[in-house]
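Residues per chain are reported as follows:
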Amino acid sequence: MIFALQEAGVSHEWSSGVIVGTLTAGIALLLLFGLYEAWVTYKTTKEPIFPMHFLRNPSMALTLLSMFLMGMPFYVVFVQLPQRFQVVNFTSAERAGILLLPATLVTPVGAMVAGLGAKKIPVELILIASAAVVCVGVGLLSSLPTNSALWPGTHGYEVIAGLGLGLASPPYYMLIATSIEENHLSVGTGALNMVRTLGGCVAIAICSAIHREFLNQRLPEILSQVQIAAVQKSSSYIAQLPKETRYRVGRVFGQSYNRQFQIMLAFAGLNIIVAIILAIVRKKKGLYGATAQRKEANEFMRATEPEAEAREKEEATTTVSAPEYCLAPGQVPKDVSASNTQNADSEKKS
């Protein structure tokens, strides 16, 4: 299914047998997987790969939905921007990668800031703030100039979008730690990664469809049908066009990329609403601002349950006296000597 969403409208037509076959098979297998996991979850004692009660848990379900929506601008920023630099600003592939560094370098910084801030600020507020920053960054990227000259403010817009995407990464993993059982954390983490990738692929498919439709509407005014087919097949063909034609084609591409980011802006705004609803739901369930506490020990980490800690302290501070069976040579236990005396008296009486 991911292959179909990534390649549809790019290397294959939506109506081609390759896309229809893989997309149909992917959806069918996904439904079959869901039915099988529901049977494993509720009808057997086996451990499911994806526990279906995740979807019945409002906190976990909203977290997955928010991650799906966050994955859409995440992929579009890091996939579409380099293409824009090459087609609109006529840079090389290497130069396009360098121009993306403002977003890629600040993303881990944002993740570190979010991790440190979670010690003092409720993680729900961090998620809402990060979603808002992403929305601002995507909105700014949707308003970039469409001329061939690279506007310096583009780097600032990248920093804002990358910072928001970085801030949004840790909160999701912190939220699932208090939303599901500890023994399901590994499965929950895998589910988060899956929905982020799926959301990104859906976003790329949407952008590809918008891009192809936009080009089919605007390029006939500039190029012939043969040239349009060549441009859609490979953007490197644009470099072979005359200078004035190349600039006009670049402006059309720039308008198309702006429209794609405007569509992603709508999904980024929807994610803010989902994050707010998630915070309200967690507050009603008494999970707002909760931090994860390990209750189950494994071979790598010990449990941090308060009762276990108290028990360990009590065992460490309690002084154990020497048992009575630890006697010096020739010494007789008190209870044994007392019983022997009683037996001797009874023998004398008899």
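Up top is the structure.
My aim in this report is to walk through the structure given alongside it, one point at a time. All of these numbers come straight from a predicted model, not from anything done at the bench.

### With respect to the overall build of the protein
Part 1: Assigned secondary structure in the protein consists of 13 helices and zero strands.
Part 2: Along the protein, from the amino end to the carboxyl end, the secondary structure elements read α-α-α-α-α-α-α-α-α-α-α-α-α.
Part 3: The buried share of the protein, reckoned over its 350 residues, is 38%.
Part 4: Summarising the internal contacts of the protein: among those between residues at least 6 apart in sequence, 70% fall at separations of at least 24.
Part 5: Surface exposure of the protein reaches about 19,400 Å², of which carbon and sulfur atoms provide 62%.

### Thoughts on the packing of aromatic side chains
Part 1: Under the definition given, this model contains six aromatic pairs.
Part 2: Ring centres of Phe 74 and Phe 78 lie 5.2 Å apart, and the angle between their planes is 65°; on these two criteria the pair is classed as edge-to-face. Residue Phe 74 and its partner Phe 78 are both found in helix α4 (residues 58–87); the two are separated by four residues, about one turn of the helix.
Part 3: By relative accessible area, which is 21% here, Phe 78 ends up partly exposed.
Part 4: Joined through ring pairs, the aromatic side chains of Phe 74, Tyr 75 and Phe 78 make up one cluster.
Part 5: Note that Arg 196 overlies the ring of Phe 74, its terminal NZ or CZ placed 5.3 Å from the centroid.
Part 6: Lying over the aromatic face of Tyr 288, Lys 283 brings its terminal NZ or CZ to 5.5 Å of the ring centre.

### Re the pattern of salt bridges
Once their charged atoms are close, side chains differing in charge can pair, the charge on each being opposite to the other.
Part 1: Inspection of the entire model under this criterion finds one salt bridge.
Part 2: The shortest N-O distance in the salt bridge between Glu 124 and Arg 282 comes to 2.5 Å. Taken as a pair, Glu 124 in helix α7 (residues 123–141) and Arg 282 in helix α11 (residues 243–284) lie far apart in primary sequence, 158 residues in all.
Part 3: Under the relative-accessibility criterion, Arg 282 is labelled buried at 0%.

### Topic: unusual backbone geometry
Part 1: Of note in this structure, Phe 90 is not a glycine but carries a positive phi near 60°.
Part 2: Looking at where Phe 90 falls in the secondary structure, it is placed in the loop between α4 and α5 (93–99).

### Considering the environment of Val 106
Part 1: Inspection of the secondary structure assignment puts Val 106 in helix α6 (residues 101–117).
Part 2: Residue Val 106 is classed as buried on the basis of its relative accessible area of 16%.
Part 3: With 59 residues separating them along the chain, Val 106 and Leu 165 place their C-alpha atoms 9.2 Å apart.
Part 4: When residues no more than four places from it in sequence are discounted, the contact partners of Val 106 are Val 159, Gly 162 and Leu 163.

What counts and what doesn't
- Residues numbered from 1 in each chain as written.
- Predicted model: local features only at pLDDT ≥ 70, side-chain atom pairs only at ≥ 80, totals over all residues.
- Heavy atoms only, no water.
- Helix = DSSP H or I, 4+ residues; strand = E, 2+ residues; numbered from the N terminus.
- Buried < 20%, exposed > 50% of the residue type's maximum accessible area, 1.4 Å probe, protein only.
- Contact = heavy atoms within 4.5 Å.
- Areas by Shrake-Rupley, 256 points an atom, 1.4 Å probe, with all protein chains shown as cover.
- Phe/Tyr/Trp six-rings, centres within 6.5 Å; stacked < 30°, edge-to-face > 60°.
- Lys NZ or Arg CZ within 6 Å of the ring centre and 35° of its normal.
- Salt bridge = Lys/Arg side-chain N within 4 Å of Asp/Glu carboxyl O.

By themselves these figures say nothing about function.
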